[in-house]
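Coordinates in review
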Amino acid sequence: MCQNHTQHALSSSSLPEIPEYQPQLIEPAWVHAWEQEHLFEATNHRDRPKKYILEMFPYPSGDLHMGHARNYTIGDAMARQAHMRGFDVLHPIGFDAFGLPAENAAIKHKTQAAAWTYKNMDQALATMRRMGFSYDMNRLVKTCSPDYYRWGQWIFEKLYERGLAYRKMNPVNWCPTCETVLANEQVSEGRCWRCDSLVEKRDLEQWYIKITAYSEELLADLEKLPGWPERVKHMQANWIGRSEGAELDFRLCNADGNPILGDEGIITVFTTRADTLFGCCFFLLAPEYEGLAELVAGSPYEADVLRVIEEAKHVSALERAQGELEKRGAFTGRYVINPINGAKIPVWVANYVISDYGTGAVMAVPSGDERDFEFARTYDLPIVPVVLAEDDPLYEELANEADIRVSQVTWESAYTADGRLVQSGPYTGLLAGKHSEAEQRIVADLEEAGLGRRSVQYRLRDWLISRQRYWGNPIPMIHCEHCGIVSVPEDQLPVVLPEDIDVAAGESLASRPDFYEVVCPRCGKAARRETDTMDTFTCSSWYYLRYCDPHNSELPFSRELADYWMGVDNYIGGIEHAILHLLYSRFITKALRDLGLVGIDEPFKNLLCQGMVKDHEGQTMSKSKGNVVPPSSVIEPLGADTMRLAILFIAPPEKDFNWDEKAVAGAHRFIKRVWQLIWRASYLSQGNTDFDKAALDEMALTLYRERHRTLAKCTNDFDRQQFNTAISAIMELVNAFDSYLKKTTDPVAGLIGQVATDIVAMLSPICPFVSEELWHQALGHTESVYQASWPSFDVSEAQADGVEIAVQVLGKVRAHVVVAVDATQDEMSEAAIQAAQKWIQDKPIKKAICVPGRLVNLIV
Ligand code: ANZ
Ligand code: ZN
């Protein structure tokens, strides 16, 4: 009994002095010690289940900001805890190091893009180390390093061999200031995302990657991702934009109704609403529609049409698709014949029709489509109602009449809700809408007449990867006058990017003959190297695979190691990457799978999009607003542990939060309190963690139950990635512990030692430094807490109100034992056998009669 309890004489007042908590001393010391030990290097422990935890790697534009700190702290807490739970953990980091900002900075500061990039990476790495992130630095990947981008080039060549990379002339978004092509998504409101210049359209031959070959799979496989946020899957699905509808043929004619014969005389539209065909009042062509200029050449309509074409060059496809644009158009002087009823319909050019969706032509139904409605109002065109709700006053009148009588309505907007067809010939009265009965029948009838066919369209376009920029991965192709396009032979990869290009002086790859003058690998004659570099999204589309096998010099990664580590179990990053980066990565994974390089369909099993860190007023932090709180402002005075705890405690990871000085101060106070408490506990427990539950008094039992309860809660919260409530659970245990130590007159050394151990272990993924220090100095361990097991617990032991039951042996009460209220018969008899061991000894137990809540009678 006495063994179990500390000496009363060791009262708090007589305990040795507690050392001061000095984060500035202990934190850098532990960084150093962990590195010496190579503690975080993944070892491919095949005897444990693997866990691959990955944070989106940063673009090295300077030091890390609060968003990074949050991102990596979340990942780090997961990785450290996973290791303690016995997983073989891979937790790597790297840099997405190519890109335009390096060039812009080089111009501004008259330096070199490479130098600027390397300096920033060093700075970011120093901050990462200071934060105590458990990265396997042996796997560090920098995308601007030749041994990485070499494999990006290799993958490009493999895609090219498969027909998944190709060149195409296309009107592209051109930023005249950056002198580069921009992807649609890099243009906002007609302006360059970086420099804000007005974007133009230019015809250029560009490299594309055929992501559309995977449209269907990219969409369908979203269903294989239950661990992704619904909204991200929704955004991806919208971006892929699958539409089921039909292509319908309209015959072109002149004002007199005479058809313009020949093949060019047919214009096909894509529509999802063939049911509204009787309401088609005008017909629209995209400004870029092929042959449009010829159609109006020499006519009185030419000038107006050309003006619309010219204006459209300054608006991005994205904006035109978004529909907020002021509707502009012009009549072409031509007409088409409606295939369903032979009506003659005027053809217009309209700025909101996009050339690379569907067929670039639209059957406009102003009564059913908002954009067409607006267009009709602007140009005073007819609006024929063809779909009405049955309770609409017009319905009765028009539903019995097959002929069109009403050709203008007084509506405020188009009618887009459900309804039935009116004034639609033989289809009048049928249910209208996408996939409706009316739609099915009209398409079937036109199909039979050879004037239409079913069609599926995707919004997703092929991925334009050509960049006329210097600081990127060179496209490994050679243009030969005799042989055409020739891949750089595999054994000559990588095409090394010269690091001494002086962009500030206007140099580029295309201005450096030492770069582009080559001999053709096929015919040996003089040829020209491709001077476009790849979109940096190519670099980030497969880096997670390289981490699996970062030093491979034969292949981008070995199949064996990729199959072992992939897919990424937890991918953590900002919502700004919800569409492109994730889509490109999913695509590349599928393409590499089809090349036999990896065995998975999807790269990221679970995705966590962390919320934003805003300033204390809820504004986004930005340099221009001057409201940026740099991580160093917390780390320097208070330590990285405080920073990490505050970040994880203020809000659940997926929610935005406002920076809060008080919460930071509170986090710091909590750490100091834990420091005091654990040291005191260590003096009381003297390294003891064993105790006899049966001998605990009521106060100790309360702490005992609290231990199991909070451990269960904390573990469950870690599983759900709700670190804020996991921290609350630890705080509850700390409170219970504190009050036990204050109130008890009979402290149980083993219990105290156990609870102290558990608190430090549970806190260690969140505050690794202070935990490690306490683990070694106060609790006397010699191995890192990272190597320790996550504390085990038993939920049934958490029952606040266990019931005391009598234990009988052959009908005679021999002992009493407390069991959980909802204990099973097995649990009851188990507890009873233990309590009555003395009376049973080694006699076999024939039977245990259990009366829940009252007694167990053991028959021996
Ligand atoms: C007639 C109609 C009537 C339409 C109606 C809509 C409503 P989603 O669902 O996004 O695939 N459209 C077709 N090609 C277009 C292009 N290149 N530029 C702009 N709009 C285009 O949209 C399909 C609908 O978008 C098509 O169906 C067509 O308008 C329009 F009450 O045809 B609809
Ligand atoms: Zn050649």
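Residues numbered from 1 in each chain as written. Chains lettered and ligands numbered in written order. Predicted model: local features only at pLDDT ≥ 70, side-chain atom pairs only at ≥ 80, totals over all residues. Heavy atoms only, no water.

In this section: the sheet that holds strand 34 (residues 855–859). The 4 strands are arranged 32-31-34-33 in an open sheet whose pairing can be described as mixed. With partners counted over all chains shown, the strands left at the sheet margins are strand 32 (812–819) and strand 33 (847–851), one partner each. On average, adjacent strands in this sheet sit at an angle of 20° to one another, irrespective of strand direction. Examined bridge by bridge, strand 31 (residues 803–809) and strand 32 share 7 bridges and lie antiparallel to one another. Bridged to Val809 within strand 32 is Lys812. The sheet strands contacting helix 26 (residues 825–835) are strand 31, strand 32, strand 33 and strand 34, and the helix crosses strand 34 at an angle near 70°. (Pairing = 2+ DSSP bridges. Helix = DSSP H or I, 4+ residues; strand = E, 2+ residues; numbered from the N terminus. Axes fitted to C-alpha atoms, helices over the stretch in contact; angles between N-to-C directions. Contact = heavy atoms within 4.5 Å.)

All chains considered together, the criterion is met by 48 salt bridges. Close ionic contact of Lys50 with Asp569 constitutes a salt bridge, the shortest N to O distance being 2.7 Å. Of this pair, Lys50 sits in strand 1 (residues 50–55) while Asp569 sits in the loop between helix 17 (559–565) and strand 27 (570–574), and the two are 519 residues apart along the sequence. Of the two residues, Lys50 and Asp569, both sit in the buried class. Its salt-bridge partner being Glu507, residue Arg512 comes within 3.2 Å of it at the nearest N-O pair. (Salt bridge = Lys/Arg side-chain N within 4 Å of Asp/Glu carboxyl O. Buried < 20%, exposed > 50% of the residue type's maximum accessible area, 1.4 Å probe, protein only.)

Every protein donor of the zinc ion (ligand 2) is accounted for by Cys480 (SG), Cys483 (SG), Cys520 (SG) and Cys523 (SG), and the metal-donor separations fall at 2.1 to 2.4 Å. Coordination at the zinc ion (ligand 2) comes from 4 donor atoms whose angles at the metal span 105 to 116°, giving a geometry best classed as tetrahedral. For the zinc ion (ligand 2), all donor residues lie on one chain, and their spacing in sequence is C-x2-C-x36-C-x2-C. Taking relative accessible area as the criterion, Cys480 reaches 7% and is therefore assigned buried. Note on Cys483: relative accessible area 23%, which makes it partly exposed. (Donors = N, O, S within 2.8 Å, 3.2 Å for Na, K, Ca; no water. Tetrahedral: all angles 85-135°; square planar, octahedral: opposite > 155°, others 65-115°.)

Let's shift gears to the site of ligand 1. In the vicinity of ligand 1, 19 residues are found, and the nearest of them are Ser243, Thr271, Ile354, Tyr357 and Arg459. Here a nitrogen atom of ligand 1 and a backbone polar atom of Ile354 are 2.7 Å apart. Contact with the protein chains hides 90% of the accessible area of ligand 1, taken as 640 Å² for the molecule alone. Secondary-structure elements contributing two or more residues to the shell around ligand 1 are strand 11 (266–271) and strand 15 (361–364). By residue class, the composition of the shell around ligand 1 is 8 nonpolar, 6 polar and 5 charged. (Near = heavy atom within 4 Å. Polar contact = N/O pair within 3.5 Å; in protein donor to acceptor, adjacent residues only side chain to side chain. Areas by Shrake-Rupley, 256 points an atom, 1.4 Å probe, with all protein chains shown as cover. Nonpolar A, V, L, I, M, F, W, Y, C, P; charged D, E, K, R; others polar.)

In terms of nonpolar packing, the biggest core is built from 191 residues, with Tyr52, Trp659 and Phe737 touching the most fellow members. Once you skip the residues sitting within four places of it in the chain, Trp659 turns out to touch Met66, Val613, Lys614, Asp615, His616, Met621, Val629, Val634, Met643 and Val664. In this structure, Ile267, Leu277, Val365 and Ala438 belong to the second largest nonpolar core, which totals 66 residues. (Core = buried A, V, L, I, M, F, W, Y, C linked by side-chain atoms within 4.5 Å.)

For the rest of this paragraph, the subject is the pairing of strand 10 (residues 242–253). Among the 12 residues that make up strand 10, 9 are buried, leaving the element largely enclosed by the rest of the structure. Summarising the sheet, strand 10 and strand 18 (residues 452–458) pair through 7 bridges and their orientation is antiparallel. Within the sheet, the bridge partner assigned to Ser243 lies in strand 18 and is Gln457. Bridge count between strand 10 and strand 11: 6 bridges; the pairing is antiparallel. From the neighbouring strand, Glu247 faces strand 11, where its bridge partner is Phe270. With 3 bridges connecting them, strand 10 and strand 13 (residues 329–337) associate as antiparallel partners. When the sheet's bridge partners are listed, Arg251 is paired in strand 13 with Ile337.

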